[in-house]
Amino acid sequence: MKNAIIVHGTGSNPNSFWQPSIKKFLEKLGYKVWVPQLPETDHPNLKIQLPFILGGEFNSETILIGHSAGCPLILSILENIKIKIHKVILVAGYSFPRGKEKPQELILQKKYNWEKIKNHASNFIFINSDNDPWSCDEKQGFYMFKKLGGTLIIREGEGHMGSNSFNQPYKTFPLLEKLLELK
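In what follows, the accompanying structure is described. Within each chain, residues carry numbers counting from 1 in the order of the written sequence. Local features in this predicted model are restricted to residues of pLDDT 70 or higher, and side-chain atom pairs are both shown and tallied only at a pLDDT of 80 or more, whereas totals for entire chains, interfaces and linings draw on every residue. For the side-chain quantities, the full set of heavy atoms in the structure was used; hydrogens and water were omitted.

## Points about the packing of helix α2 (residues 46–53) against helix α3 (residues 70–80)
Rules: Orientation is described by lines fitted to C-alpha atoms, with helices fitted over the stretch in contact, and by angles between N-to-C directions that extend from 0 to 180 degrees. Elements are defined by DSSP. Helices are runs of H or I of four residues or more, strands are runs of E of two residues or more, and each kind is numbered from the N terminus. Comment on the angle field: the value is read as roughly parallel under 35 degrees, roughly antiparallel over 145, roughly perpendicular from 65 to 115, and oblique elsewhere. Each crossing gets its handedness from the near helix: less than a right angle anticlockwise from the far helix is left-handed, clockwise is right-handed. Contacts between residues were defined by any pair of non-hydrogen atoms, one from each residue, lying within 4.5 Å. For this classification, Asp, Glu, Lys and Arg are treated as charged, while Ala, Val, Leu, Ile, Met, Phe, Trp, Tyr, Cys and Pro are nonpolar and the rest, including Gly, are polar.
Where α2 meets α3, the axes come as close as 10 Å, and the angle between the chain directions of the two elements is 55°. Classified by the angle their axes make, α2 and α3 are oblique. For the element pair α2 and α3, the recorded crossing hand is right-handed. Residue-level inspection shows L46, Q49, L50 and I53 of α2 in contact with α3, the latter providing L73, S76, I77 and N80. When its residues are assigned to classes, the contact of α2 with α3 shows five nonpolar, three polar and no charged.

## Overview of the nonpolar core
Rule in force here: For our purposes a nonpolar core is just a set of buried Ala, Val, Leu, Ile, Met, Phe, Trp, Tyr and Cys residues, chained together by side-chain atoms within 4.5 Å. Categorising residues by exposure relies on relative accessible area from a 1.4 Å probe, with only protein chains included: less than 20% of the type maximum marks a residue as buried, more than 50% marks it as exposed, and the intermediate range marks it as partly exposed.
In this structure, W18, I65 and L78 are the most contacted members of the largest nonpolar core, which totals 55 residues. No other element matches α3, which puts six residues into this core. When near neighbours in sequence (up to four residues on either side) are disregarded, W18 contacts I6, I65, G66, H67, V91, M161, Y170, K171, T172, F173 and L176.

## Considerations on the side chain of S12
Considering the arrangement of structural elements, one finds S12 in the loop between β1 (3–7) and α1 (19–28). A relative accessible area of 7% places S12 in the buried class. Not counting the four nearest positions on each side in its chain, S12 is found in contact with F17, Q37 and T41.

## Considering the pairing of strand β3 (residues 62–67)
Note the cut-off: At least two DSSP bridges between two strands are needed for those strands to be called paired. Handedness of a crossover is defined as follows: with both strands directed away from the viewer, a clockwise route from the first strand across the helix to the second makes it right-handed.
Within β3, six of the six residues are buried, which leaves the element mostly enclosed by the surrounding structure. The side-chain alternation of β3 yields two buried faces, one formed by T62, L64 and G66 and the other by I63, I65 and H67. Here β1 pairs with β3 via five bridges, running parallel. Across the sheet, residue I6 finds its bridge partner in β3, namely I65. Sheet topology note: the β3/strand β4 (residues 85–91) ladder contains five bridges and is parallel. Residue pairing for β4: I65 is matched across the bridge by I89. The β-α-β motif built from β3, the intervening α3 and the parallel element β4 has right-handed crossover chirality.

## Brief notes about the pattern of salt bridges
To keep it simple, the criterion reads: Put simply, a salt bridge is a Lys or Arg side-chain nitrogen that is within 4 Å of an Asp or Glu carboxyl oxygen.
Scanning the model with the defined rule gives four salt bridges in all. One salt bridge in this structure joins E105 and R98, with 2.9 Å as the shortest N-O distance. Looking at E105, the relative accessible area reads 11%, which means it is buried.

## Remarks on empty space enclosed by the protein
Counted only if it meets this: A cavity, in this analysis, means grid points on a 1 Å lattice covering only the protein atoms where a 1.4 Å probe fits yet has no way out; a pocket is instead an open set bounded by protein on both sides within 12 Å along at least five of seven lines, and a residue lines either one if it has an atom within 4 Å of a point. Grid points are joined across faces, edges and corners, and a volume is the space filled by probe spheres set on the points.
Under the criterion given, the structure shown has one cavity of 30 Å³ or more. Volume-wise, the largest cavity comes out at about 30 Å³.

## So, the sheet that holds β4
Reading across the sheet, the six strands line up as β2-β1-β3-β4-β5-β6 and stay open at both edges, with parallel pairing between neighbours. One side of each edge strand has no neighbouring strand; the edge strands of this open sheet are β2 (32–34) and β6 (151–155). Sheet twist, expressed as the average angle between the axes of neighbouring strands with direction ignored, equals 15°. Where α3 meets the sheet, it contacts β1, β3, β4 and β5 (121–129), and its direction lies at approximately 145° from that of β3.

## Side note on the packing of α1 against helix α6 (residues 174–181)
Their axes nearest at 11 Å, the elements α1 and α6 cross at an angle of 25°. In terms of orientation, α1 lies roughly parallel with respect to α6. Once α1 is placed against α6, the crossing between them reads as right-handed. Mapping the contact onto sequence places I22, F25 and L26 in α1 and L176, E177, L180 and E181 in α6.

Following this line, the structure appears as structure tokens:
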């Protein structure tokens, strides 16, 4: 069964930014969509969020979509599942400590098994911006792309692609819709 899991970022919820419109878009395409309210959203902690999200359904037709702190969580999911899923899309993602943050964020692993992650998804797409105010920028996207392959899209001047602090409502995401239409 085609299913998708949309994972929000720090301080967000299932109704933040483009998540509701992408959920509706995927449902029209016949997907069963889960947009969970992650625990400890203001201080994402891998030890709390990973067991919670691993309770979801993963199969060969699964699509995982993450935003911001949802992206390192998705990398950890891929390290822990036993099946190869269809597609992963990481928006404003990161996998190493960001310049403005503490040296070790609790949502990040100290080290990733990139080969294991790569073997658990057929397709990776990274969407980052050249001016992300949270340092989830093109450097972060390029690093993950070099480790996992796939497609890297660098947006010019798109910020965090959803941020209350920086007045980026980002209620729709036409680029993401186009990418989801691709097999």
